[in-house]
Structure formats: structure tokens, C-alpha cells
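Residue strings, one per chain:
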Amino acid sequence: MAQTPKLILLFSGKRKSGKDFVAEEIQSQLGPDVCTILRLSEPLKEQYAKEHGLDFQRLLDSSSYKETYRQDMIRWGEERRQTDPGFFCRIVVEGVTQPIWIVSDTRRISDVEWFQDVYGDLVKVVRVVATEETRKRRAWVFVMGIDDAESECGLDQGVPYDWVITNDGDQLSLDAQLEKLLQFIHSKL
Ligand SMILES: Nc1ncnc2c1ncn2[C@@H]1O[C@H](COP(=O)(O)OP(=O)(O)O)[C@@H](O)[C@H]1O
Ligand SMILES: C[C@@](O)(CCOP(=O)(O)OP(=O)(O)O)CC(=O)O
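Residues numbered from 1 in each chain as written. Chains lettered and ligands numbered in written order. Predicted model: local features only at pLDDT ≥ 70, side-chain atom pairs only at ≥ 80, totals over all residues. Heavy atoms only, no water.

1. A word on the nonpolar core
So, step 1. Ile8, Val93, Phe115 and Tyr119 are the most contacted members of the largest nonpolar core, which has 28 residues in total.
So, step 2. Sorting the residues of this core by element identifies strand E1 (7-12), helix H2 (41-52), helix H3 (56-60), helix H4 (64-83), helix H5 (87-93), strand E3 (100-103), helix H6 (109-119) and strand E4 (123-129) as the ones contributing at least two each.
So, step 3. By size, the runner-up hydrophobic cluster in this structure holds 19 residues, among which are Leu9, Ile26, Val128 and Leu182. (Core = buried A, V, L, I, M, F, W, Y, C linked by side-chain atoms within 4.5 Å. Buried < 20%, exposed > 50% of the residue type's maximum accessible area, 1.4 Å probe, protein only. Helix = DSSP H or I, 4+ residues; strand = E, 2+ residues; numbered from the N terminus.)

Below you can see the structure in the form of C-alpha cells.
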């Protein structure tokens, strides 16, 4: 079981909006002892790799290897969540000791609901936004069945965002937004 955190930031956003980039910026400001980044896709990929005889490490990086299996991983993960919506959430929080958690890849309303049910007001929903143009510059290409499906669109609406971070590559603008978010985080420590 994890220690009770002081704050949980649930990040969502489109592919290549910069969820990981922004999460890592925040973690680097706070330090790894204070802030941990949790990824729901990690236990998903680990288990999927085991069951399908694949290389877990290669599923973790931004390679074409991951993209080859993305659609089937989505299908497989959805089957798991249907029988147990908290399946991947419970695994990622296990044994975490840092007071600030960033879950960098919430994709579905059921993910948000699980955290809200268990941790209540400690949970804040953060949306990372970048234009299609910016995302294309980061090598995003629209794929039917992925970019128009729940995995990418599940949190486009239906869950109010507590914070919206616009990440279009302007470092000064990002710094200003993160400064405000960091002030809020510090107020919870
Ligand atoms: N503000 C930024 N400045 C420079 N590079 C960025 C910025 N935001 C994202 N990137 C780069 O764009 C790519 C996609 O970002 P990533 O965080 O992996 O997106 P996501 O997790 O939303 O799919 C990565 O190579 C990342 O380093
Ligand atoms: C099957 C997935 O978990 C794969 C996610 O892999 P990543 O989180 O590595 O993907 P991106 O950051 O969008 O490139 C998606 C899901 O629907 O659960």
C-alpha cells in the first residue's frame, strides 16, 4: 500500500502534446524525492509483453516497435479495465513514498474516477494542450482507430480540468504557467 500523498496531478492530453515533457519539468523542479511520475501504461505494457512474448523495454520508448502494438495493447488494456477498472491504477500506486504524484497518462474517465474515489480532494485534473501543428512538428501523425478512439479522446470532455497547460513550444510561456502550478504544489507540501 502507498503512503497517502499530499497531491495527485492527473495529466491528460493528446499524443505529443507533451505530457511527459511537462511532467518531467515539474519533477526536475521538485526533485525525485518529492515528486514521482506514475504511468498507467507501464504495468499495462509489462503484462502485455509477458502474455505476448514481447520486449517490455522496447514498448517503453517512443519507437515504431510500440506503435506496431499500440492498437492491440489498447484493445487488451480495455478488456482488463472492463473487468476491473482500477487494475492498472492499483499497481502504479503500490509502494510510492513521495508526497506529490503525477500520473502522466490518464486516458479514461474510469482512471480519473478511480483516483477520485480513493483519494478525493487530493486529486487535481491537469490538461496538457498543444495544437495539431505543434504535435505534427513532434512527429505526430493521425491514425484512425487510435486518435479518434477512447484511448486518445476519453478525457476530451466530461471531466472538468483544474489546470490547463498550453505547451506549444514557447519556453517562456511554459515557464510562467509552471511557476503558477509549482506555487500551488508548494502550498500543499
Ligand atoms: N515544450 C517543449 N519543448 C521542447 N520539446 C518538447 C516540448 N514539449 C514536448 N516536447 C517534445 O515533444 C515530444 C513529445 O512529447 P511527450 O512529452 O513525449 O508527449 P506525450 O507524452 O504527450 O505523448 C518529445 O520528444 C518531447 O521532448
Ligand atoms: C496501450 C496504451 O497504454 C499505450 C500508451 O503508450 P504511451 O503512454 O507510451 O503512449 P504515448 O505517450 O501516447 O505515445 C494506451 C492505452 O489506451 O492504454
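Back to the write-up after that little detour.
2. Notes on the site of ligand 2
So, step 1. Lining the immediate surroundings of ligand 2 are 13 residues, of which Lys45, Lys66, Arg70, Arg107 and Ser151 lie closest.
So, step 2. Separating an oxygen atom of ligand 2 from a side-chain N or O atom of serine 41 is a distance of 3.4 Å.
So, step 3. Contacts to ligand 2 include arginine 108, whose side-chain N or O atom sits 3.1 Å from an oxygen atom.
So, step 4. For the shell around ligand 2, the element with the most residues is H4, which contributes 5 residues.
So, step 5. Looking at side-chain class alone, the shell around ligand 2 contains 3 nonpolar, 2 polar and 8 charged residues. (Near = heavy atom within 4 Å. Polar contact = N/O pair within 3.5 Å; in protein donor to acceptor, adjacent residues only side chain to side chain. Nonpolar A, V, L, I, M, F, W, Y, C, P; charged D, E, K, R; others polar.)

3. Some details on helix H9 (residues 171-188)
So, step 1. With 18 residues, H9 should reach 26 Å at 1.5 Å per residue; the first-to-last C-alpha distance of 25 Å fits that figure.
So, step 2. Of all the residues in H9, the buried ones are Leu174, Gln177, Leu178, Leu181, Leu182 and Ile185. What you see down the axis of H9 is that its buried residues fit within an arc of 145°, all on one side. Facing away from the buried side of H9 by more than 90 degrees, the exposed set consists of Leu172, Glu179, Lys180, Gln183 and Ser187.
So, step 3. Looking at the buried positions of H9, the neighbouring elements they touch are E1, helix H1 (19-30), E3 and strand E5 (163-166). (Expected span 1.5 Å × (residues − 1). Arc of directions from axis to C-beta. Contact = heavy atoms within 4.5 Å.)

4. Concerning the state of the cysteines
So, step 1. All chains considered together, the criterion is met by 0 disulfides.
So, step 2. Counting only cysteine sulfurs, cysteine 89 is the nearest neighbor of cysteine 153, a cysteine outside any disulfide, at a range of 19 Å. (Disulfide = S-S within 2.5 Å.)

5. A closer look at the packing of H1 against H9
So, step 1. Remark: H1 packs on H9, axes separated minimally by 11 Å, with the N-to-C direction vectors making an angle of 55°. By the angle class used here, H1 and H9 are oblique. Helix-helix and strand crossings are classified by hand; for H1 and H9 the assignment is right-handed. Touching Phe21, Val22, Glu25, Ile26, Gln29 and Leu30 of H1 are Gln171, Leu174, Asp175, Leu178, Leu181, Leu182, Ile185 and His186, all from H9. (Axes fitted to C-alpha atoms, helices over the stretch in contact; angles between N-to-C directions. Parallel < 35°, antiparallel > 145°, perpendicular 65-115°, else oblique. Left-handed = near helix turned anticlockwise from the far one by under 90°.)

6. Remarks on the pattern of salt bridges
So, step 1. Counted according to the given criterion, the structure contains 15 salt bridges.
So, step 2. Residues aspartate 72 and arginine 75 are paired through a salt bridge, measuring 2.8 Å at the closest nitrogen-oxygen approach. Here the residue aspartate 72 and the residue arginine 75 both occupy positions in helix H4, the gap between them amounting to 3 residues, near one helical turn.
So, step 3. The partly exposed category is assigned to arginine 75, whose relative accessible area is 37%.
So, step 4. One salt-bridge network, in which partners are shared between bridges, spans Arg15, Glu67, Arg70 and Asp147. (Salt bridge = Lys/Arg side-chain N within 4 Å of Asp/Glu carboxyl O.)

7. Thoughts on the environment of valine 92
So, step 1. Structurally, valine 92 can be placed in helix H5.
So, step 2. In this structure valine 92 comes out as buried when scored by relative accessible area, which is 11%.
So, step 3. In the structure, valine 92 is positioned 54 residues away from leucine 38 in sequence and 6.2 Å away in space, judged by C-alpha atoms.
So, step 4. Those residues in contact with valine 92, other than ones at most four positions away along the chain, are Leu38, Arg39, Leu40 and Pro43.

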